[in-house]
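Working through the structure, step by step
In case you want the letters, here they are:
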Amino acid sequence: MSPWVYGAVLVLCAAAAVVLVVDLVRDRAAQDSHFVALAALELVVLVQLVAGSVALARTDRDVDGVTFVGYLVTVALVPVVGAFFSLAERSRVGTTILLLAVATVAGLEVRLWDVWGAGD
Amino acid sequence: MPVTEPAELSSGWGRALVFTYGVFAVAATGRSLVQLGADAGRAPLAYSLSLFAAVVYLVATTCLLLGGRTGWRLAALAVTVELVGVLSVGTLSLVATDLFPDKTVWSHFGQGYGFLPLVLPFAGLAWLWHTRSGVLTDDAATGTDHTATPEP
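Residues numbered from 1 in each chain as written. Chains lettered and ligands numbered in written order. Predicted model: local features only at pLDDT ≥ 70, side-chain atom pairs only at ≥ 80, totals over all residues. Heavy atoms only, no water.

Looking only at helices and strands, one finds four helices and zero strands in chain A. Listed by position from the N terminus, the elements making up chain A come as α-α-α-α. Counting only residues that meet the buried cut, chain A has 42% of its 120 residues in that class. Across chain A, the fraction of contacts at a sequence separation of at least 24, relative to all contacts at a separation of at least 6, is 83%. (Helix = DSSP H or I, 4+ residues; strand = E, 2+ residues; numbered from the N terminus. Buried < 20%, exposed > 50% of the residue type's maximum accessible area, 1.4 Å probe, protein only. Contact = heavy atoms within 4.5 Å.)

This is the structure in structure tokens:
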């Protein structure tokens, strides 16, 4: 799996987290810009889902395929579920939920890299 | 006696809590399925505890989501079990390392998960205490102070 996708996901997570924390401190509800950031993140993790699956099929590494794809799918689901939860709370709770979702994606991404690198 | 409307337990900060519990329910279930599927005999105690933690998180998530009086009680029970679990497993995993050849969600007080498993039951209990009377004040809806005691 390309380290560029991995890096892009983590950079987007970090950028989104900074914006979310700033607006959380300012006591603002989730903004359109937050959802755009989350959509960008979702796009990258969807690319990752495809690229990761292709990489898994081609690699000769000893990767636990079920776990790996499980992580790929879960990472792609978290921003969507988080966005829906956030839309139901138009207060700083909604902003917090987006932050939790972004943190979850970052956490899963790190684990995903561990699972991929397990064959080394 | 806790009297809660179904909507109140899962709205406001409760929604953030349901999201976090949901993530842990999925994480713990996934972990325990992988562990039991790979080699169930390697660490029977740790793997049983992983499965147990998964069930606790699933029950807590479901009950917080459903709400109501029964939901509140079951959620309180699940969160209390979770607190006892993370404290005892966390301590045991440090003291009796030979019991845990593989990790569980609660090993080392949830170190592998940013210590969130240790924080989560306290947040859960605080929220359940806050919603115990079923009278959600407006501050909970706007999220100004989720630990404040509701007006009697």
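On to the overall build of chain B. Per the secondary structure count, chain B includes six helices and zero strands. When the helices and strands of chain B are listed from N to C terminus, the series reads α-α-α-α-α-α. In chain B, which comprises 152 residues, the share counted as buried stands at 45%. In chain B, of all internal contacts separated by at least 6 residues, the share reaching a separation of at least 24 is 68%. Only carbon and sulfur atoms are counted for the fraction: they give 70% of the accessible area of chain B, which is about 7100 Å². (Areas by Shrake-Rupley, 256 points an atom, 1.4 Å probe, with all protein chains shown as cover.)

What follows covers the interface of chain A and chain B. With 17 residues of chain A at the contact, the number on the chain B side is 15 residues. At the junction of chain A with chain B, the criterion picks out one salt bridge. With a closest N to O distance of 2.8 Å, R15(B) and E89(A) form a salt bridge. Scanning the region where chain A abuts chain B turns up two residue pairs in polar contact (both at pLDDT 80 or more). Counting residues per element, the ones that place at least two in the side of chain A that touches chain B are α3 (65-87) and α4 (92-117) of chain A. (Salt bridge = Lys/Arg side-chain N within 4 Å of Asp/Glu carboxyl O. Polar contact = N/O pair within 3.5 Å; in protein donor to acceptor, adjacent residues only side chain to side chain.)

Residues and elements named next belong to chain A. With their axes 9 Å apart at the nearest point, α3 and α4 run at an angle of 175° to one another. As far as their axial angle goes, α4 and α3 are roughly antiparallel. Its residues placed into classes, the contact of α3 with α4 shows 16 nonpolar, seven polar and two charged. (Axes fitted to C-alpha atoms, helices over the stretch in contact; angles between N-to-C directions. Parallel < 35°, antiparallel > 145°, perpendicular 65-115°, else oblique. Nonpolar A, V, L, I, M, F, W, Y, C, P; charged D, E, K, R; others polar.)

Residues and elements named next belong to chain A. With respect to the helices and strands, L10 occurs in helix α1 (residues 3-25). Spatially, the C-alpha atoms of L10 and E109 are 7.4 Å apart, while their sequence positions differ by 99 residues. With near-sequence residues (within four places) excluded, L10 lies in contact with A106 and E109.

To continue, consider the packing of α4(A) against helix α2 (residues 13-39) of chain B. Direction vectors running N to C along α4(A) and α2(B) enclose 15°, while the axes themselves pass 8 Å from each other. The pairing of α4(A) with α2(B) is recorded here as roughly parallel in orientation. Helix-helix and strand crossings are classified by hand; for α4(A) and α2(B) the assignment is right-handed. On α2(B), the residues touching R92(A), V93(A), T96(A), I97(A), L100(A), A101(A) and T104(A) of α4(A) are W13(B), R15(B), A16(B), F19(B), T20(B) and V23(B). Residue classes in the contact of α4(A) with α2(B) are distributed as eight nonpolar, three polar and two charged. (Left-handed = near helix turned anticlockwise from the far one by under 90°.)

For soluble globular proteins, nonpolar side chains are generally found buried alongside one another. Counting residues in hydrophobic clusters, the biggest one holds 67 residues, and the most contacted among them are F68(A), V105(A), Y21(B), Y57(B), L64(B), W106(B) and L128(B). When residues of this core are traced back to their parent elements, those giving at least two are α1, α2 (32-58), α3 and α4 of chain A together with α2, α3 (44-66), α4 (68-95) and α5 (116-130) of chain B. Not counting chain neighbours up to four residues away, the residues in contact with V105(A) comprise V9(A), C13(A), L41(A), V45(A), V75(A), V78(A) and P79(A). (Core = buried A, V, L, I, M, F, W, Y, C linked by side-chain atoms within 4.5 Å.)

A separate point is the side chain of H34(A). Residue placement: H34(A) occurs in helix α2. Contact partners of H34(A), with chain neighbours within four places excluded, come to V19(A), L20(A), D23(A), A29(A), T95(A) and L98(A).

Here the focus is the packing of aromatic side chains. For the structure shown, the criterion picks out eight aromatic pairs over all chains. An angle of 35° between the planes, with centres 5.2 Å apart, marks the rings of F68(A) and W116(A) as tilted. Here the residue F68(A) occupies a position in helix α3, and W116(A) occupies one in helix α4, the gap between them amounting to 48 residues. Per residue, the accessibility class of F68(A) equals that of W116(A), and both read buried. Centroid distance F24(B) to Y113(B): 5.9 Å. Interplanar angle 50°. Geometry classified as tilted. (Phe/Tyr/Trp six-rings, centres within 6.5 Å; stacked < 30°, edge-to-face > 60°.)

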